[in-house]
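For reference, the chains in residue letters:
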Amino acid sequence: MPIDPTLPYNDENIFAKILRGEIPSNKVYEDDWAFAFEDINPQAEIHTLVIPKGRYVSWDDFSAKASNEEIGGFVRAVGEVARMKGLVEPGFRMMANIGAHGGQEVPHLHVHIFGGEPLGPMICKK
Ligand code: AMP
């Protein structure tokens, strides 16, 4: 069920629980700004999620309210995870779903990293 990205941050969302270590995840990377883990339902050979440590509902919330330090740290972490996974060559895809039309289901900002195989057309309309 897509979320409403205008709602305030909810500390009980599943990614907040992963960040607090209350539920397990398959961790890939962590630094002061970001945490990365494998998606539980991978849509490609490689499907990794990168989330900021701060309490941000979506890219909209993050880009409007996060500090330059948080934004810089998070963007660098996304790049670092892609490099760690060996995806820069032959290439990969990044995606952040926002709100109902974006199909966002978890109300904590996350960037999807897909790779490990050719990914097909940019958008698949139903
Ligand atoms: P989105 O639709 O952009 O909000 O994507 C949410 C993603 O989170 C989906 O790809 C889910 O498979 C993934 N997901 C949900 N719960 C977990 C979990 N506990 N661990 C890892 N990935 C999860």
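For the structure itself, consult the block above.
Keep in mind that what you see is a predicted model, and the values were worked out from it rather than measured. (Residues numbered from 1 in each chain as written. Predicted model: local features only at pLDDT ≥ 70, side-chain atom pairs only at ≥ 80, totals over all residues. Heavy atoms only, no water.)

Undergrad: Is there a simple way to explain the site of the ligand in this structure?
TA: By nearness alone, 17 residues border the ligand, and Asp 39, Asn 97, Glu 105, His 110 and His 112 come closest of all. Backbone polar atom of Ile 40 to a nitrogen atom of the ligand: 3.1 Å apart, as the coordinates give it. Contacts to the ligand include Glu 105, whose backbone N or O atom sits 2.6 Å from an oxygen atom. Contact with the protein chains removes 84% of the 510 Å² of surface that the ligand exposes when unbound. For the shell around the ligand, the leading source of residues is helix α1 (residues 14–19), giving three residues. Here the residues of the shell around the ligand are counted per class, giving seven nonpolar, seven polar and three charged. (Near = heavy atom within 4 Å. Polar contact = N/O pair within 3.5 Å; in protein donor to acceptor, adjacent residues only side chain to side chain. Areas by Shrake-Rupley, 256 points an atom, 1.4 Å probe, with all protein chains shown as cover. Helix = DSSP H or I, 4+ residues; strand = E, 2+ residues; numbered from the N terminus. Nonpolar A, V, L, I, M, F, W, Y, C, P; charged D, E, K, R; others polar.)

Undergrad: Just to check I follow, could you spell out the packing of aromatic side chains for this structure?
TA: Aromatic ring pairs are defined here through the distance separating the ring centres and the angle between the ring planes. Evaluation of the coordinates by the stated rule reveals five aromatic pairs. For the ring pair Tyr 56 and Phe 62, a centre distance of 5.1 Å and an interplane angle of 75 degrees mean the geometry is edge-to-face. Measuring from centroid to centroid gives 5.3 Å for Phe 62 and Phe 74, while their planes differ by 75 degrees, and the two rings are edge-to-face. You can see Phe 62 sitting in helix α2 (residues 59–65) and its partner Phe 74 sitting in helix α3 (residues 68–84), a full 12 residues away along the chain. We classify Phe 62 as buried; its relative accessible area is 2%. Judged by relative accessible area, which is 0%, Phe 74 ranks as buried. Feature note: the residues Tyr 56, Trp 59, Phe 62 and Phe 74 constitute an aromatic cluster, connected by ring pairs. (Phe/Tyr/Trp six-rings, centres within 6.5 Å; stacked < 30°, edge-to-face > 60°. Buried < 20%, exposed > 50% of the residue type's maximum accessible area, 1.4 Å probe, protein only.)

Undergrad: Could you clarify how one ought to interpret the pairing of strand β5 (residues 111–115) in this entry?
TA: The side chains of a regular strand alternate, first on one face of the sheet and then on the other. Of all five residues in β5, five are buried, a share of seventy percent or more. The pairing of strand β3 (residues 46–52) with β5 spans five bridges and is classified as antiparallel. Residue Val 50 lies in a different strand from β5, and its bridge partner there is Val 111. Examined bridge by bridge, strand β4 (residues 93–95) and β5 share three bridges and lie antiparallel to one another. (Pairing = 2+ DSSP bridges.)

Keep in mind these numbers describe shape, not what the thing actually does.
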